[in-house]
Amino acid sequence: MADVAWGFATREGFRIFKGQPKPPGGGAPGQSGRPYSTSCRSTAAPGCPRHDRRFFAASAGEPAAASGRGDGGRGGGGGMPVREAELAPAARATVQAVRAFVGERVIPAEAELRRHGESERRWEPHPLLEQLKTEARGAGLWNLFLAREADPDARYGAGLTNVEYAFACEEMGRSLHASEAFNCSAPDTGNMEVLVRYGTDQQRRRWLAPLLDGKIRSCFAMTEPQVASSDATNIEASIVEAGDSYVLNGHKWWTSGALDPRCELCIFMGKTDPAAPRHQQQSMVLVPMDTPGLRVLRPLSVYGFQDPPGGHGELEFVEVRVPRDNVLLGPGRGFEIAQGRLGPGRVHHCMRLIGSAERALQLMTDRVKSRVAFGKPLAEQGTVMADMATSRVELEQARLLVLKTAHLMDSLGNKAAAPEIAMIKVVVPSMAQQVIDRAIQAFGAAGLGPDLPLAEFHMWARALRIADGPDEVHRATVAKMELRAPRLA
């Protein structure tokens, strides 16, 4: 009976939708043609006493409005692009090139890269991925992640806005190997942005240049096994001044990328002054991986995945001595750097997850069209159709929230976008986990195996509900901001 009701509802819904007149200027039936708008928070905006921001995207088929900075609608304070077609031509061409490269070069290489990742030589970089990097760089698809607000002269990156990169980043999320092919993979992206924003000229020459060239890799050591590292002020690792040096001691784990033989730099977070105010006790120091006293103890696995060749390492720092010049920004500035580092990284993670979820839904769609159970295709089973519809709805909601967040970062800055950054970090990993889980269910046992990317997609979605701050921390952030928000009269 449920299947009959569902079939009737969908048939009637499509019949009514298709019968609606097209809006003026073209577009799909049922479109109103009005500008899309996101909700806001403004005591200043007329008719919106509680909100302080109002952003409108261009109507379907129109270019995004130009920003007050004169950037031609490339993600400034004017229109918020919600579709690829609304991007500036150069950015749209970049996104299309990334999509083509992922589809034609990266995805076909997945099987070989997966076999290598399960072999005895898994901790060695595969030459095929190095070849893909060379090709991507030759095509101009390199270091796309550095947002224009951090690199306004495009000295280091491609000059994309956060919104423009969000569309490209979604395409990279369709394969777990894609971001590295474009030199856009974590933790290198966050570390490079730290060096661009906070590094000295000498630090940039020594470390940023080879990272931008893709010649070396890096890691970021903050999380510790003895304390709840979701509260960064809890960390116990020490950074002690000793003449013209700092001496580091600490025990870190889940240090992603530390096992890669190309990893030459570790950004270490520890306490320089435990007696200082709570958020001024921490500092960040640049540590060459071959420094005496630094040991990689073991690789850690996530649901059995070791993620070679970078992996996730457990590290020990015993009397590790580095020059004073290796401190970033200055003593006591570590928490400030961490907050600046994590904002853009969270948007990158979320857009990649949306790309993974999109591919999972595409795989699910293809599967249910071709499989028959209980006398009819899976695509005609009511529960399967409901799952697909739910996945589509959740994906579209999550993408719009991420694009709004990226737009706020471009137009008002990362600090002003803090509420939305916290929101997407709660919404997107959970959404991706559910969408991918439904795809796995549609594939049955095949969805759990190594021949499809679904199991690894699901693992990453689950891990990202903890990495870069657990859901609970971000929910608390959103709730505190909500409690401080002005009330309606």
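Chemist: Is there a simple way to explain the side chain of asparagine 183 in this structure?
Modeler: The topology assignment puts asparagine 183 in the loop between helix 6 (178-181) and helix 7 (188-198). The class for asparagine 183 is buried, based on a relative accessible area of 6%. Within the structure, asparagine 183 has its side chain in polar contact with the side chain of asparagine 143 (distance 2.7 Å). Once residues lying within four places of it in the same chain are set aside, the contact partners of asparagine 183 are Trp142, Asn143, Phe145, Thr189, Met192, Leu211, Leu212 and Gly214.

Chemist: Would you explain the pairing of strand 1 (residues 217-221) in this entry?
Modeler: Each regular strand displays side chains that alternate between the two surfaces of the sheet. Among the 5 residues that make up strand 1, 5 are buried, leaving the element largely enclosed by the rest of the structure. The pairing of strand 1 with strand 4 (residues 263-271) spans 5 bridges and is parallel. From the neighbouring strand, phenylalanine 220 faces strand 4, where its bridge partner is isoleucine 267.

Chemist: Explanation requested: the pattern of salt bridges in the structure shown.
Modeler: Once their charged atoms are close, side chains differing in charge can pair, the charge on each being opposite to the other. With the rule as written, the count across this model stands at 36 salt bridges. The partner of arginine 83 in a salt bridge is glutamate 86, with the nearest N and O atoms 3.6 Å apart. Salt bridges here are not isolated pairs; linked through shared partners, they connect Glu130, Lys133, Glu180, Asp188, Arg217, Asp260 and Arg262.

Chemist: Could you clarify how one ought to interpret the nonpolar core in this entry?
Modeler: When a protein is soluble and globular, its nonpolar side chains tend to lie buried together. Within the largest apolar cluster, 92 residues are counted, with the highest numbers of intra-cluster contacts made by Tyr165, Phe182, Val428, Met431 and Leu454. In terms of residues, this core owes the most to one element, helix 9 (residues 334-370), which gives 14 residues. Other than its neighbours up to four places away in sequence, phenylalanine 182 contacts Val98, Phe101, Val102, Ala136, Leu141, Trp142, Asn143 and Met172.

What counts, and at which threshold
- Residues numbered from 1 in each chain as written.
- Predicted model: local features only at pLDDT ≥ 70, side-chain atom pairs only at ≥ 80, totals over all residues.
- Heavy atoms only, no water.
- Helix = DSSP H or I, 4+ residues; strand = E, 2+ residues; numbered from the N terminus.
- Buried < 20%, exposed > 50% of the residue type's maximum accessible area, 1.4 Å probe, protein only.
- Polar contact = N/O pair within 3.5 Å; in protein donor to acceptor, adjacent residues only side chain to side chain.
- Contact = heavy atoms within 4.5 Å.
- Pairing = 2+ DSSP bridges.
- Salt bridge = Lys/Arg side-chain N within 4 Å of Asp/Glu carboxyl O.
- Core = buried A, V, L, I, M, F, W, Y, C linked by side-chain atoms within 4.5 Å.

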